Amino acid sequence: MSRVLVLNGPNLGRLGSREPDVYGAQDLSALRALLAERAVEGTEIDLRQTDDEAELIHWLYEAVDTSTPVILNPAAFTHYSYALSDAAKLVTKAGIPLIEVHISNPHAREEFRHTSVISSVATGTIAGFGFDSYVLALVALGQG
Ligand code: DQA
């Protein structure tokens with residue numbers, strides 16, 4: 001059994017009720033079910049969400065220590081967290097893939113969302129496809 005860490009940052013616990021016009025009407029448990037359905041057999045989806053920067057960083061350390069590929073939606077941390085960027089860099093420098101995903105297309109939104117401090121250290125970025133951004137990331141990892 002191989003595992004993929006699907007890590008979600010602040011306010012994504014409110015999916016379903018948070019700006020449904022932007023993020024859709026489905027919640028995180030629907031995302032978990034979708035990814036479990038779309039993952040290749042033998043891949044475990046370990047989906048987590050936190051509003052806490054330190055917790056997210058510690059989960060990236062866990063990815064390094066266990067050589068586990070990561071799908072990361074850093075949410076608002078995307079735009080300013082150098083601490084999260086450094087932790088993401090630890091993952092990719094260890095040769096472990098880390099795909100940055102966004103449900104919306106941040107480049108089509110407010111100016112502050114146009115900057116990502118994660119993209120330059122990520123293996124790749126997928127944005128703008130709703131929950132399918134995560135499915136496409138699974139495919140990119142060869143696990144979907
Ligand atoms: C987001 C985009 C970010 O700008 C925003 O802060 C989020 C969600 C997305 O998935 O589209 O919380 O990462």
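This text follows the structure it describes.
Thresholds, definitions, all that
Starting from 1, residues in each chain are numbered consecutively following that chain's sequence as written. Owing to the predicted nature of the model, reporting of local features is limited to residues with pLDDT of at least 70; listing and counting of side-chain atom pairs is limited to 80 or more, with chain, interface and lining totals taken over all residues. Excluding hydrogens and water, the side-chain values take into account all heavy atoms of the structure. Helix and strand assignments come from DSSP, with helices taken as H or I runs of at least 4 residues and strands as E runs of at least 2, each series counted from the N terminus. Each residue gets one of three labels from its accessible area relative to the maximum for its type: buried under 20%, exposed over 50%, partly exposed in between, using a 1.4 Å probe on protein chains only. Pairs of residues are marked as contacts when any of their non-hydrogen atoms sit within 4.5 Å. Here, nonpolar core means buried Ala, Val, Leu, Ile, Met, Phe, Trp, Tyr and Cys residues that are tied together by side-chain atoms lying within 4.5 Å of each other. Here a polar contact means two N or O atoms within 3.5 Å. Within protein one must be a hydrogen donor candidate and the other an acceptor candidate, and residues neighboring in sequence count only if both atoms are side-chain atoms. A crossover counts as right-handed when, viewed with the strands pointing away from the observer, the path leading from the first strand over the helix to the second turns clockwise. Being paired, for any two strands, means DSSP has found at least two bridges between them. What makes a residue near a molecule or strand is one non-hydrogen atom of that residue sitting within 4 Å of it. Surface exposure here means Shrake-Rupley accessible area, sampled with a 1.4 Å probe, where a residue is shielded only by the protein chains that are shown. For this classification, the nonpolar set comprises Ala, Val, Leu, Ile, Met, Phe, Trp, Tyr, Cys and Pro, the charged set comprises Asp, Glu, Lys and Arg, and every other residue, Gly included, is treated as polar. Only rings of Phe, Tyr and Trp enter the pairing, Trp through its six-membered ring, and a pair is recorded when the two centres are within 6.5 Å. The plane angle decides the type: under 30 degrees is stacked, over 60 is edge-to-face, the rest tilted. As used here, the arc belongs to the directions running from the helix axis to the C-beta atoms.

Our next topic: the environment of Trp-59. By the secondary structure assignment, Trp-59 is in helix H3 (residues 53–66). Residue Trp-59 is classed as buried on the basis of its relative accessible area, which comes to 12%. Each residue touching Trp-59, except ones within four places of it in the same chain, is listed here: Leu-5, Leu-7, Arg-48, Gln-49 and Thr-50.

In this structure, Val-6, Leu-35, Ile-71 and Tyr-134 are the most contacted members of the largest nonpolar core, which totals 24 residues. Residue assignment for this core shows that the elements contributing at least two residues are strand S1 (2–8), helix H2 (28–38), strand S2 (43–49), strand S4 (98–102) and helix H5 (132–140). Ignoring any residue separated from it by four or fewer positions in sequence, one finds Tyr-134 in contact with Val-6, Asn-8, Leu-12, Leu-31, Leu-35, Ile-71, Asn-73, Val-101 and Ile-103.

Attention now goes to the environment of Asn-73. Turning to its location among the elements, Asn-73 is positioned in strand S3 (residues 70–73). What makes Asn-73 buried here is its relative accessible area of 3%. At 3.0 Å, the side chain of Asn-73 and the backbone nitrogen of Ala-75 are in polar contact.

A word on the pairing of S4. Note on strand geometry: in a regular strand, side chains alternate between the two faces of the sheet. Most of S4 is tucked away: 5 of the 5 residues are buried. The alternating pattern of S4 places Leu-98, Glu-100 and His-102 and Ile-99 and Val-101 on opposite faces, both of which are buried. In terms of handedness, the path from S3 via helix H4 (residues 82–93) over to S4 forms a crossover that is right-handed. Across 4 bridges, the pairing between S4 and strand S5 (residues 124–127) is parallel. Paired with Val-101 across the bridge in S5 is Ile-126.

We now examine the site of the ligand. Around the ligand lies a shell formed by Arg-18, Tyr-23, Asn-73, Ala-75, Ala-76, His-79, His-102, Ile-103, Ser-104 and Arg-113. In this structure, an oxygen atom belonging to the ligand sits 3.1 Å away from a side-chain N or O atom of Arg-18. Measuring from an oxygen atom of the ligand, one finds a side-chain N or O atom of His-79 at 2.7 Å. Considering the ligand on its own, with 320 Å² of exposed area, one finds that the protein chains cover 99% of that surface. Considered class by class, the residues forming the shell around the ligand number 4 nonpolar, 4 polar and 2 charged.

A few words on the side chain of Arg-109. Note that Arg-109 resides in the loop between S4 and S5. Those residues in contact with Arg-109 that sit more than four places away from it in its chain are Glu-19, Val-22, Tyr-23, Ser-104 and His-114.

All chains considered together, the criterion is met by 2 aromatic pairs. On the basis of an interplanar angle of 75 degrees and a centroid distance of 6.1 Å, the ring pair of Phe-77 and Tyr-80 is categorised as edge-to-face. Overall, Phe-77 belongs to the buried group, its relative accessible area being 6%. Between Phe-131 and Tyr-134 the ring centres are 6.4 Å apart and the planes differ by 85 degrees, which places this aromatic pair in the edge-to-face class.

One full turn of an α-helix is made of 3.6 residues, so residues set three or four places apart face in the same direction. Within H2, the full set of buried residues consists of Leu-28, Leu-31, Leu-34 and Leu-35. The buried residues of H2 occupy an angular sector of 115 degrees when projected down its axis, which confines them to one face. Those residues of H2 that are buried lie in contact with S1, S2 and H5.

Read these as spatial facts, not as claims about activity.
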